[in-house]
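# Examination of the molecular architecture
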Amino acid sequence: MNGTLSNPFNITYPTAVQSSLDAYASFARFDPSGRFVAAGRSDGSAVIWDLDTKAAIRHLEGHVKGVTSVDWSRNSRYVLTSSKDWNVIIWDLASDTEPVRRQVLRFDAPVVSASFHPRNSKILLVLLGSGEAYVVDLRREYRGRFELCEVQDDSDEEGQMSKQRSAMTVARFDPSGKHVFIGTTSGSILVFNTRTKSMVARHKISGAGIMRGLDFTKSGRRLVTNSSDRTLRQFNVPSYAPPTADREYIEQELEPTHRFNDPINKTAWHAMSYSPDGEWLAGGAADNAAHKIYIWDISNEGQFASALDGGREPLLYLHWHPHKPAIASTTNQGNILIWHCPTPERWGAFAGGFEEVDENVEYEEREEEFDIEEESELALRKMKAEEQEVDIDGLTDDKDEVARRNELQRNDEDDEDVAWATEEPDEDISDWRMRIQVEDESDTAI
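Residues numbered from 1 in each chain as written. Predicted model: local features only at pLDDT ≥ 70, side-chain atom pairs only at ≥ 80, totals over all residues. Heavy atoms only, no water.

For the protein chain, the name recorded in an unreviewed UniProt entry is Set1 complex component swd1, with Sparassis crispa as its organism. Per UniProt, the comment on the protein chain under Subcellular location (unreviewed entry) is "Nucleus". (UniProt positions renumbered as here; feature names shortened; annotations may be inferred.)

In structure tokens, the structure reads:
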């Protein structure tokens, strides 16, 4: 944990259910601000919930079969939904009309998942049920659909292996957006450069089996995988050199830093999610009789921390809040459970001189405690306090951390892959406004 924070206010993991949303949802994801939750439903619709009011504020109806994934753009203006009906829809929540303005993209097979590029909502990553992955670019200069193809080995004498290709089962942008990570049925992770669409690495994960899930820490330095052997594995993400003209790639087996599993019940996992600081990992158990979330302490050698019990409705999906110790988990009955970390009231925080005690003690009054002070002395003390210099530097982040961020920003400006993604920017700016649609109530804007 961050050592500069006092214990009562440390970011930790949630321990109790704060509220339950009757959303008929198969899964739910927080938006980047943490105020809203997008819920995907099996009837083909999606709903946006406001966590402040616990109300459904937008209904997105456009699919005719179940929604398979939901994603948010970086400033929450756009929502991306994929479906078994072979369609991907981009919804503009800044739309004042009902139904919401949308853009529909049609594919040749049911869509397993779709996600926005972290830096530009006009670039999408789409995974089909047929085992193929595409980078879809909607910008005028780069418009097109580009399939990500695994490089095949021609080392087999009979040439049999070169004709076979592992099906792709999960696909994710890394947090920088410069690379696409794809899990396959053969237990490998393929890494592609987003700009060139070329494969830059293939990592074999020993004993993993079929890859079923990927998640990154916010920094992108660590990756956790979910596979058919019922084990979550954490890896340190290697650094990848820019693509070469002859399309060379790294062939490397990754060794996990930690393995997470349920040694007693041998439970499989439906989903996993890192905390905002990357120091906690939550795993949603595929338990048919209970709603179980396991928490591991990554900062303490990956030790098991707690098991959260959400009742008898089995868990389908979970997602960690982007800023707080909160988790959204969905049940097989469609409810969204919002988990939080209850904190006891610290009365000492309301008054600097207030001291909390465990039991009553006799108070001894000082002789001068209630003496009335002359106004001239009060004015002089106030003047001296105003003349004191304020330590502004002490209120900012650590200097090394600031220097590191500035260095990263300079590197991004010089990075060809980053510059490519930010060409022809989208309209997902931070000061957009959403029109709230609430049933039986007048519309309001936020």
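After that view of the structure, there is still more to cover.
When pLDDT is averaged along the protein chain, the result is 86, and 83% of the positions lie at 70 or above. This stretch, residues 1-9, has a pLDDT under 50; its non-local contacts, to residues over four places away or in other chains, come to 11 contacts. Low confidence marks residues 156-163, where pLDDT is under 50. Its contacts with residues over four positions away, or in another chain, come to six contacts. (pLDDT = per-residue confidence, 0-100. Contact = heavy atoms within 4.5 Å.)

Let us now look at the UniProt feature "repeat: WD" (unreviewed entry) in the protein chain. The feature "repeat: WD" (unreviewed entry), as given by UniProt, occupies residues 30-59 and 60-101 in the numbering adopted here. Across residues 30-59, the secondary structure splits into 0% helix and 60% strand, with the terminal C-alpha atoms separated by 16 Å. (Helix = DSSP H or I, 4+ residues; strand = E, 2+ residues; numbered from the N terminus.)

So, on to the sheet that holds strand β8 (residues 87-92). With respect to topology, four strands assemble into an open sheet ordered β6-β7-β8-β9, the strand pairing being antiparallel. Each edge of the open sheet is held by one strand with a lone partner, namely β6 (67-72) and β9 (102-106). Sheet twist, expressed as the average angle between the axes of neighbouring strands with direction ignored, equals 15°. Here five bridges tie β8 to β9, and the two strands are oriented antiparallel to one another. For W91, the partnering residue across the bridge sits in β9 and is R102. (Pairing = 2+ DSSP bridges. Axes fitted to C-alpha atoms, helices over the stretch in contact; angles between N-to-C directions.)

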